[in-house]
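# Coordinate inspection notes
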Amino acid sequence: MRGDALVAIAATIGNFLQGWDNATIAGAIVYIKNDLDLGTSVEGLVVAMSLIGATAITTCSGAISDWLGRRPMLIMSSMLYFVSGLVMLWSPNVYILCLARLLDGFGIGLAVTLVPVYISETAPSEIRGLLNTLPQFTGSGGMFLSYCMVFGMSLMDSPSWRLMLGVLSIPSLLYFAFTVFYLPESPRWLVSKGRMLEAKQVLQRLRGREDVSGEMALLVEGLGIGGETSIEEYIIGPADELDESQEPGADKDKIRLYGPEEGLSWVAKPVAGQSILSIASRPGSMVNQSIPLMDPLVTLFGSVHEKLPETGSTRSMLFPNFGSMFSTAEPHARNEQWDEESLQREGEDYASDAAGGDSDDNLHSPLISRQTTSLEKDMIPPASHISSLSTRRHSTLVQDGTESVGGTGIGGGWQLAWKWSEREGEDGKKEGGFKRIYLHEEGIPGSRRGSLVSLPGNDMPAEGEFIQAAALVSQPALYSKELMDQHPVGPAMVHPAETVSEGPVWTALLDPGVKRALLVGIGIQILQQFSGINGVLYYTPQILEEAGVEVLLSNLGLGSDSASFLTSAFTTLLMLPCIGVAMKLMDISGRRRLLLTTIPVLIVSLIILVFSELVDLGTVVNAAISTACVIVYFCCFVMGYGPIPNILCSEIFPTRVRGLCIAICALVYWIGDIIVTYTLPVMLSSIGLAGIFGIYAVVCLISWVFVFLKVPETKGMPLEVITEFFAVGARQAGATKNE
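Worth saying up front: this structure is predicted, and the values here are computed from it rather than measured. (Residues numbered from 1 in each chain as written. Predicted model: local features only at pLDDT ≥ 70, side-chain atom pairs only at ≥ 80, totals over all residues. Heavy atoms only, no water.)

When helices and strands are counted, the chain shows 27 helices and 13 strands. When contacts within the chain are restricted to residue pairs at least 6 apart in sequence, those whose partners lie at least 24 apart make up 80%. Here the chain has roughly 29,300 Å² of accessible surface; of this, 61% comes from carbon and sulfur atoms. (Helix = DSSP H or I, 4+ residues; strand = E, 2+ residues; numbered from the N terminus. Contact = heavy atoms within 4.5 Å. Areas by Shrake-Rupley, 256 points an atom, 1.4 Å probe, with all protein chains shown as cover.)

So, on to the nonpolar core. The biggest cluster of nonpolar side chains holds 157 residues, and the ones touching the most others in it are Ile-32, Trp-414, Leu-606 and Phe-725. For this core, the leading source of residues is helix α26 (residues 658–710), giving 19 residues. Residues contacting Leu-606, with those up to four places away along its chain left out, are Ser-531, Val-536, Tyr-633, Phe-693, Tyr-696, Ala-697 and Cys-700. Residues Leu-257, Trp-266, Ala-268 and Leu-439 belong to the second largest nonpolar core, which totals 13 residues. (Core = buried A, V, L, I, M, F, W, Y, C linked by side-chain atoms within 4.5 Å. Buried < 20%, exposed > 50% of the residue type's maximum accessible area, 1.4 Å probe, protein only.)

A word on the packing of helix α3 (residues 40–68) against α26. Their axes nearest at 7 Å, the elements α3 and α26 cross at an angle of 165 degrees. Between α3 and α26, the interaxial angle falls into the category roughly antiparallel. Of the two possible hands of crossing, α3 and α26 adopt the one that is left-handed. Judged by residue contacts, Gly-44, Ala-48, Leu-51, Ala-54, Thr-55, Thr-58, Thr-59, Ser-61, Gly-62, Ala-63, Ser-65 and Asp-66 of α3 engage Arg-658, Gly-659, Leu-660, Ala-663, Ala-666, Leu-667, Trp-670, Ile-671, Asp-673, Ile-674 and Tyr-678 from α26. The residue makeup of the contact of α3 with α26, split by class, is 12 nonpolar, eight polar and three charged. (Axes fitted to C-alpha atoms, helices over the stretch in contact; angles between N-to-C directions. Parallel < 35°, antiparallel > 145°, perpendicular 65-115°, else oblique. Left-handed = near helix turned anticlockwise from the far one by under 90°. Nonpolar A, V, L, I, M, F, W, Y, C, P; charged D, E, K, R; others polar.)

Turning our eyes to something else, we now look at the packing of aromatic side chains. Where two aromatic rings form a pair, the distance of their centres and the angle of their planes describe that pair. Under the counting rule described, the total for this entry stands at 11 aromatic pairs. With a centroid separation of 6.0 Å and 80 degrees between ring planes, the pair formed by Phe-178 and Tyr-182 is classed as edge-to-face. Given a relative accessible area of 29%, Phe-178 falls into the partly exposed group. Given a relative accessible area of 26%, Tyr-182 falls into the partly exposed group. Between Phe-301 and Phe-725, the ring centres sit 5.1 Å apart and the planes meet at 40 degrees, which makes this aromatic pair tilted. Highlighted residues: Phe-301 in helix α16 (residues 296–305) and Phe-725 in helix α27 (residues 719–738), separated in sequence by 424 residues. Taking relative accessible area as the criterion, Phe-301 reaches 0% and is therefore assigned buried. The buried category is assigned to Phe-725, whose relative accessible area is 0%. (Phe/Tyr/Trp six-rings, centres within 6.5 Å; stacked < 30°, edge-to-face > 60°.)

This part takes up unusual backbone geometry. Backbone geometry follows two general trends: most residues other than glycine have a negative phi, and most peptide bonds adopt the trans configuration. Residue Asp-37 is not a glycine yet carries a positive backbone phi of 55 degrees. With respect to the secondary-structure elements, Asp-37 resides in the loop between α2 (13–35) and α3. Its relative accessible area of 67% is what places Asp-37 among the exposed residues.

Here the focus is the pattern of salt bridges. Within this structure, the stated rule accounts for 17 salt bridges. One salt bridge connects Glu-121 with Arg-70, and the closest N-O pair in it is separated by 2.8 Å. Taken together, the positions of Glu-121 in helix α5 (residues 94–122) and Arg-70 in helix α4 (residues 70–90) put the pair 51 residues apart, joining distant regions of the chain. The same class applies to Glu-121 and to Arg-70, which are both buried. Between Glu-215 and Arg-207 there is a salt bridge, with its nearest N and O atoms 2.7 Å apart. Exposure remark for Arg-207: the relative accessible area of 8% places this residue in the buried category. Within the structure, one salt-bridge network assembled from shared partners comprises Asp-66, Arg-70, Glu-121 and Arg-658. (Salt bridge = Lys/Arg side-chain N within 4 Å of Asp/Glu carboxyl O.)

Moving on: a nonpolar patch on the surface. On the surface, Phe-611, Leu-614, Val-615, Leu-617 and Val-621 cluster together to form a nonpolar patch covering roughly 430 Å² of accessible area. Relative to the assigned elements, Leu-614 resides in helix α23 (residues 591–614). (Patch = residues over 30% accessible without salt bridge, like charges linked within 9 Å, V, L, I, M, F, W, Y side chains within 5 Å.)

To continue, consider the state of the cysteines. Taken as a whole, this structure holds zero disulfides when the rule is applied. Free cysteine Cys-636: the closest other cysteine sulfur is in Cys-635, separated by 7.0 Å. (Disulfide = S-S within 2.5 Å.)

The side chains of a regular strand alternate between both faces of the sheet. Counting buried residues in strand β13 (residues 467–474) gives eight out of eight residues, a clear majority hidden from the surface. Burial of the side chains of β13 extends over both faces: Ile-467, Ala-469, Ala-471 and Val-473 are buried on one face and Gln-468, Ala-470, Leu-472 and Ser-474 on the other. As judged from the seven bridges shared by strand β1 (residues 230–237) and β13, these two strands associate in the antiparallel manner. Along β13, the bridge assignment pairs Glu-233 with Ala-470. (Pairing = 2+ DSSP bridges.)

Right, dumping it as structure tokens:
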């Protein structure tokens, strides 16, 4: 199993402990209230203290994780789980028990908030959805095992609630060991702090390969927030092939694209945008006019996924034959590293400490090294350099002959490159700078020597062919115009450590793309909480009791409490295979399609529950219908609406503010949880169970409309590309609104 999958499994032990605790307190409270002689209000407080603790810690967890890192916060979560378990095992009175439950809530809040962020920042884009569904699976697995434990202990003559709650400390020790000794820090967080060499080593371990230059460059570019992003179209290929197909005098249209791997470049020719992506990016496009209220973001993201293979594979087929292309740039002669601990300033350049001996060829990228300009782009490297480049590309870009893993590939069919743009200034002198380009292969065949070449979906183009690609073009994150005069040979890139700390992080929340992402994240979290999951969970025992399940089990010699625990365990067990199906589909069908498919099932099951409450079809029939609807509701919820809001929230925010934004969404989640939980008894007494289920059905209908109009599909896309699309979509929506 790959390193990134093992790391994700280890991180989700925190969610396993959350599920374990939720089920344990549900069983233990039966014995706690009798042993400590608790009133109804105090009983509710004991159960709710973990919810209060989770809500409180969430208010600051995001900002602290952006400051200290994801890993220290997960370590803190495991320690809180362990300490709270010991205190609950000891609890001499209700006051100490409430304190322990508060500490337990702190651990739950950190795990629920930061595990999805951690997985998203470490997982490759192709399986990010699968790995981020693991928290739902492990949480439900923890509930199932806990119910089994509580059921077994309930068969004892005098069950100990302290022992039930204290067992939490045992698996929390395993969680602590994994977070301390196995989990690495998030490479995106390391890059944001300028610790580039550490980030590269973590990526190599996670991906299981040496060449991670493309992803490293991607993480650096992800530090930028905002900026003007344009969508352009290019015909890209080897210089000699493209030259032959151009008309005389078209040299001025040629653009050289540079990859993150040193010495890697191609030649591109701009073309009029005719792709789905280009059309969808225009304000007032035909697609948006057909559905007036649909967010342009949905159309933009959808235009990308329409061109992916039906099998769900997002492996890049862009430029598979790099060996035939060589750079016309002389490689930079200096040994430079990005790791801030080994960098020393020499004027405006960064030089290697050279004492460590851990030189890194893949970090000699155009991000901080001088690159070619128009003065150099006609230079031809020595033949030996061409040969070495060709050999290197063949060895690094193809692994086991099956998958393209080269420096330019950043996942999901996207490639990273830069271009040098040049224009004539007011004083007549030429000036310019680098532009960042995210490339995505189009479904439109490129032309070769005036003819059309068919490029089937999964076939690699033959050597010499070239293709048409859509491009997201914007300013590099770490480009400094002030250094241009001091480096006339080429642009200078600023080290991440100097730029990420500029300006308060709260100002980034005002960026149109970030505000748009917050709207999606907050909206889907609120609607998820009000869609009925807590109400259905709360009344599951009552519904099953009406079905006669507990009576049947009691006739087999089980007490009512034991029968209740066993039925809860069985219900939880049914969820696990459904979550397994969701894990398989999350990166194939996608998040949006799963939501649009499963939410209608939730609506129908809730409507039938209302019907069974209002119409008397006989005790047995009503109970059977209600039980079936509850099971269907649970199974469909954990396939879509359960895990996907957290997955989306961990994907749609820029690196610099991801922790802060995810904390805002999580805070909304916990507040919604509190509101729903504590309004249930009031609603029950006023409108009854049928009214409650009816309201939940209406909220689910609103949720489906919200997802259809506002929630884009993010499967298989690099996180940095997702945030670029949010920036483009926000500006397009603003332009459409002004029109």
